[in-house]
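# Observations on chain architecture
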Amino acid sequence: MRNGKNNIACGVLAAILLLALSCTIIEDGDITSLAQYSALKLKSIEINQETLAGNSTKLAVLKYDSVVNLVDPTTGARITRKQRFTLPSLGTLKMKLRSGTNTNAEIYMSFKEDGLPYTFIIYVGDSLVEHYSFRYNASNKLNKIRTRLNPIDGRPATLVTTDTLTYSPSPEGKLVSMTRKGVGSFTFQFGTSNSEQTLNTMTFLGQNYQLYNANCNNSSSNVCGRLYKPVGNSGYNVDSENQSRNGKIAQITITDYRLSNSNCDCQRELDTYYLHPLMILRDNFTQGGMLLWIYTVDWWKPGTVQINNQSLTKNDVVKLTFNYGQ
Amino acid sequence: MVNRWFIFFLLTLASINGVAQLKLPTFDVELKIHQNLIPGDGQHDGDIKFVETTSFYGGAHVQINQYVALGVFYSRSFRGAAGISYNDGNSDQTAEVLQLQKGLDVRLSTGRAKKWRKYLSINYSQVELVQVNEAYRLADKSNAFGASLGIMRKLGNRLYLNVIDLGVIVMTDEIFWLGNSNKVIINTKIGLTYNIGKRK
């Protein structure tokens with residue numbers, strides 16, 4: 001009798017152990033390899049604005065991500081991928097569209113067969129309001145960025161710029177200079193961080209810009225930093241921080257930093273930011289972090305009007321959060 | 001699918017039963033809290049700085065003699081986090097992590113003592129690690145080998161308090177989302193062990 005009870009206990013114990021040892025926490029939909037992870041797609045972009053004038057959260061959602069096989073007849077480039085995102089109206093708080101459009105829109109992006117971005121377009125209905133194109137030299141380095149803003153159908157574009165980027169010879173292939181057609185040239189001073197080329201200063205149209213690691217503690221400026229634009233006896237600042245997770249850009253935070261222990265930058269109106277393709281395509285370019293700083297000349301509009309006795313109780317912050325999925 | 005290592009354990013158990021002339025050998029079961037830490041590089045942005053989990057640990061052993069026991073264990077986390085480097089290692093993001101460890105061990109302990117009993121455990125396990133993100137989960141598994149040193153205090157005829165158990169296990173394969181250098185798991189356990197069967 002006693003041996004019978006013991007045998008039952010042994011059997012129950014064995015069954016429980018069998019069940020436990022066959023358990024797993026890995027589920028069918030889990031990503032179990034680097035190859036699967038690399039294939040993750042951008043599914044949505046959350047644009048969060050926390051400002052003194054109010055808060056706003058908008059979600060740009062992927063409509064489609066398609067494989068195509070097109071050839072651009074003008075360049076011969078083969079386009080193999082197209083994406084389209086909805087873009088809700090961003091409102092009037094902090095982040096806007098440079099074309100002045102303040103209505104629901106859509107973002108269209110195309111990519112070459114090597115994965116490099118080719119075109120970035122913002123549509124309102126069927127109307128193209130902002131058009132950015134990216135072209136590459138024989139060494140596949142980004143050498144032309146063209147911007148065209150055309151917010152009103154049937155009217156000429158309100159802005160067209162063509163930027164030519166020049167690099168040092170291979171194998172180094174580092175950015176040397178940039179020229180905006182019909183406008184002027186950028187002059188750069190570069191540094192190095194973790195073997196990466198970083199931007200220290202730039203000059204454009206007589207205006208100097210200096211890049212610091214304020215609030216970043218020894219980080220590469222390609223990842224985190226403050227751009228300072230000296231004006232008169234003071235200057236304007238914009239902070240940008242980029243967070244990656246598992247090798248993919250996870251979040252970009254842009255701060256209109258107005259609180260300081262000293263020299264509070266409080267006596268001018270608040271800055272405006274424009275949604276720029278480099279904020280979304282930052283990690284699609286080899287030097288995307290640095291390019292994002294260079295293009296502050298386009299996406300950062302400092303407030304210049306002096307406002308005396310203005311009381312600013314917090315910083316204005318815009319966050320773009322990138323959500324991936326299978 | 002039946003775990004082949006468990007079949008090996010059952011065969012071993014049957015052999016022990018045979019040798020012991022069909023008498024039930026002494027079993028013990030244990031229930032512990034299990035804390036694990038995997039240190040990482042975390043030098044560059046996006047790199048894992050650390051993974052830590054807290055688990056419920058259950059195990060069972062068959063006493064071969066008063067010094068040697070063969071057993072199986074199962075440990076599943078109820079909380080866990082990964083620190084992801086940001087700002088060149090000066091700040092962290094965190095992500096939720098799940099961990100599972102299951103396997104076999106051999107426990108070598110000092111003989112019956114009035115109060116304190118020290119032991120060395122040598123183990124083989126399969127480790128599963130999952131990083132939970134909002135829209136996707138990264139999951140991988142690896143075999144691992146390790147050892148731990150512990151000390152138990154006798155609380156009664158059958159009951160022991162596992163005062164502390166400190167160990168290290170080394171994974172044989174890389175967990176792809178951890179990175180190359182992250183193969184060592186430092187762990188500690190505390191809990192209770194209860195003897196079943198022949199009274200000690």
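Here the structure is a predicted model, which means the values were calculated and not measured.

## Remarks on the overall build of chain B
Of the regular secondary structure elements, chain B holds one helix and eight strands. Starting at the N terminus and ending at the C terminus, chain B contains elements arranged as α-β-β-β-β-β-β-β-β. In chain B, which comprises 200 residues, the proportion classed as buried is 50%. Within chain B, contacts between residues at least 6 apart in sequence are counted, and of these 62% link residues at least 24 apart. Carbon and sulfur atoms make up 61% of the accessible area of chain B, which amounts to about 9200 Å² in all.

## Examining the packing of aromatic side chains
Two numbers describe a pair of aromatic rings. These are the distance of the centres and the angle of the planes. All names here are of chain A. Under the definition given, this model contains 12 aromatic pairs over all chains. Where Tyr273 meets Trp299, the ring centres are 6.0 Å apart and the plane angle is 70°; that geometry is what we call edge-to-face. With a gap of 26 residues between them, Tyr273 in strand S17 (residues 272-274) and Trp299 in helix H5 (residues 296-299) connect regions that are remote in the sequence. Relative accessible area serves as the criterion here: at 0%, Trp299 is assigned to the buried category. Through a chain of ring-to-ring contacts, the aromatic side chains of Phe186, Phe188, Phe190 and Phe204 assemble into a single cluster. Lying over the aromatic face of Phe111, Arg81 brings its terminal NZ or CZ to 5.4 Å of the ring centre. Here Arg135 stacks its cationic end above the ring of Tyr118, 3.6 Å away from the centre of that ring.

## As for the environment of B:Gly191
Residue and element names in this part refer to chain B. Inspection of the secondary structure puts Gly191 in strand S8 (residues 184-196). Since its relative accessible area comes to 10%, Gly191 is described here as buried. Sequence separation between Gly191 and Ala82 is 109 residues; the distance between their C-alpha atoms is 25 Å. Among all residues touching Gly191, those that are not within four sequence positions of it are Leu31, Lys32, Tyr160, Leu161 and Asn162.

## Some words on the confidence of the model for chain B
Chain-level pLDDT for chain B is 84 on average; 78% of the residues reach the 70-or-more range. The lowest-confidence element of chain B is helix H1 (residues 4-19) of chain B, averaging 52 in pLDDT; the highest-confidence one is strand S7 (residues 159-171) of chain B, averaging 96.

Definitions and limits used
Residues numbered from 1 in each chain as written. Chains lettered and ligands numbered in written order. Predicted model: local features only at pLDDT ≥ 70, side-chain atom pairs only at ≥ 80, totals over all residues. Heavy atoms only, no water. Helix = DSSP H or I, 4+ residues; strand = E, 2+ residues; numbered from the N terminus. Buried < 20%, exposed > 50% of the residue type's maximum accessible area, 1.4 Å probe, protein only. Contact = heavy atoms within 4.5 Å. Areas by Shrake-Rupley, 256 points an atom, 1.4 Å probe, with all protein chains shown as cover. Phe/Tyr/Trp six-rings, centres within 6.5 Å; stacked < 30°, edge-to-face > 60°. Lys NZ or Arg CZ within 6 Å of the ring centre and 35° of its normal. pLDDT = per-residue confidence, 0-100.

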